[in-house]
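Structure assessment
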Amino acid sequence: MKSTIRGMFMLGRGKREGIHEFSNSSDSVLSALAPWIALALAVNLLPILMMRFKDMHAVSISISMFLVKICCLLITVGIIHFFASLWNNETNWKQTAVAILWCFWVPILDFILFFMIAGLLFSGAPNIFMALFGFASVLYMAYSIWLSWFVVKVGLQTTTSRSIVIVVSLILASMVIYSIFVACNYSYMMQAAHELQQQIEQAKLAQ
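None of these values were measured; they are calculated from a predicted model.

1. Section: a nonpolar patch on the surface
A cluster of nonpolar side chains, Met1, Ile5, Phe9, Leu109, Ile112, Leu113, Met116, Ile117, Leu120 and Leu121, forms an exposed patch at the surface whose accessible area comes to about 1,000 Å². Breaking the nonpolar patch down by element, the ones donating at least two residues are helix H1 (2–12) and helix H5 (105–121). Among the elements that take part in the nonpolar patch, H5 stands out by supplying seven residues, more than any other. Exposure remark for isoleucine 112: the relative accessible area of 44% places this residue in the partly exposed category.

What follows is the structure, encoded as structure tokens:
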């Protein structure tokens, strides 16, 4: 685990040598998937047990979101393998998949750390805090894309253009999966948003 953490933060700082800290095996791929699956279970399926299946629409949303996250994880591994096979560069595809799955955590940890510090410094200035939130969100997306590109380029030992193709494919595949989720649950989501807006308006009137 120490090797994995060291590799995450080496790659996160743009050091190519970090890729060698990750194993190139099927077991390592499963180990890299496991924390994400556990997180999806905790976030999306545990609330169902807490709700005791009272709202079947909410249950459907939770299960759908769980499946969406699992599909995004598997499609990440699948796309890396597909392009590695397409370009006859299958030697390190598992190592690359392991590295990118673990490195997905790096921007999240940075984001959390940033807001812990920002919350302490600007707790009494909500406008500044929200401005920082917007700025940090843009940085988060940009850094996540760059890190994915860097890991793919270093892991597969491929060209800049080919690594861009893989990252764009990952983004498009995720967008398609989430679009299907939104399309299947659009009516309920709009209804929930309308009810929430009504509750906010009633709370304002009550004040």
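Having put the structure on the table, let's press on.
2. Points about the packing of aromatic side chains
A ring pair, where both rings are aromatic, is described by two values, the distance of the centres and the angle of the planes. Going through the model one piece at a time under the given rule, you end up with seven aromatic pairs. Between tryptophan 146 and phenylalanine 150, the ring centres sit 5.2 Å apart and the planes meet at 10°, which makes this aromatic pair stacked. One end of the pair is tryptophan 146 and the other is phenylalanine 150, both in helix H6 (residues 126–156) and four residues apart, which spans about a single turn. Judged by its relative accessible area of 8%, phenylalanine 150 is buried. In this structure an aromatic cluster arises from ring pairing among Trp36, Phe104 and Trp105.

3. Observations concerning the side chain of threonine 4
Mapped onto the elements, threonine 4 comes out in helix H1. When near neighbours in sequence (up to four residues on either side) are disregarded, threonine 4 contacts Glu21, Phe22 and Trp102.

4. A word on unusual backbone geometry
Here asparagine 88, not a glycine, exhibits a phi torsion of approximately 50°, which is positive. Residue class for asparagine 88 comes out exposed when judged on its relative accessible area of 72%.

5. Comments concerning the pattern of salt bridges
In this structure the tally under the stated criterion is one salt bridge. In this structure, the salt-bridge partner of arginine 6 is glutamate 21, at a minimum N-O distance of 3.1 Å. Here the residue arginine 6 occupies a position in helix H1, and glutamate 21 occupies one in the loop between H1 and helix H2 (26–51), the gap between them amounting to 15 residues. Judged by relative accessible area, arginine 6 falls into the partly exposed class, the value being 43%.

6. Digging into the packing of helix H4 (residues 93–103) against H6
Geometry of a packed helix pair, given as the angle between the helix axes and the separation of the axes. Closest axis-to-axis distance for the H4/H6 pair is 9 Å, and the angle between their directions is 160°. Relative to H6, the element H4 is oriented roughly antiparallel. Crossing angle aside, the handedness with which H4 passes H6 is right-handed. Contact with H4, carried on its side by Trp93, Thr96, Ala99, Ile100 and Cys103, involves Leu147, Ser148, Val151, Val152, Gly155 and Leu156 of H6 and no other residues of that element. Of the residues contributing to the contact of H4 with H6, the split by class is eight nonpolar, three polar and no charged.

The rules behind these values
- Residues numbered from 1 in each chain as written.
- Predicted model: local features only at pLDDT ≥ 70, side-chain atom pairs only at ≥ 80, totals over all residues.
- Heavy atoms only, no water.
- Patch = residues over 30% accessible without salt bridge, like charges linked within 9 Å, V, L, I, M, F, W, Y side chains within 5 Å.
- Areas by Shrake-Rupley, 256 points an atom, 1.4 Å probe, with all protein chains shown as cover.
- Salt bridge = Lys/Arg side-chain N within 4 Å of Asp/Glu carboxyl O.
- Helix = DSSP H or I, 4+ residues; strand = E, 2+ residues; numbered from the N terminus.
- Buried < 20%, exposed > 50% of the residue type's maximum accessible area, 1.4 Å probe, protein only.
- Phe/Tyr/Trp six-rings, centres within 6.5 Å; stacked < 30°, edge-to-face > 60°.
- Contact = heavy atoms within 4.5 Å.
- Axes fitted to C-alpha atoms, helices over the stretch in contact; angles between N-to-C directions.
- Parallel < 35°, antiparallel > 145°, perpendicular 65-115°, else oblique.
- Left-handed = near helix turned anticlockwise from the far one by under 90°.
- Nonpolar A, V, L, I, M, F, W, Y, C, P; charged D, E, K, R; others polar.

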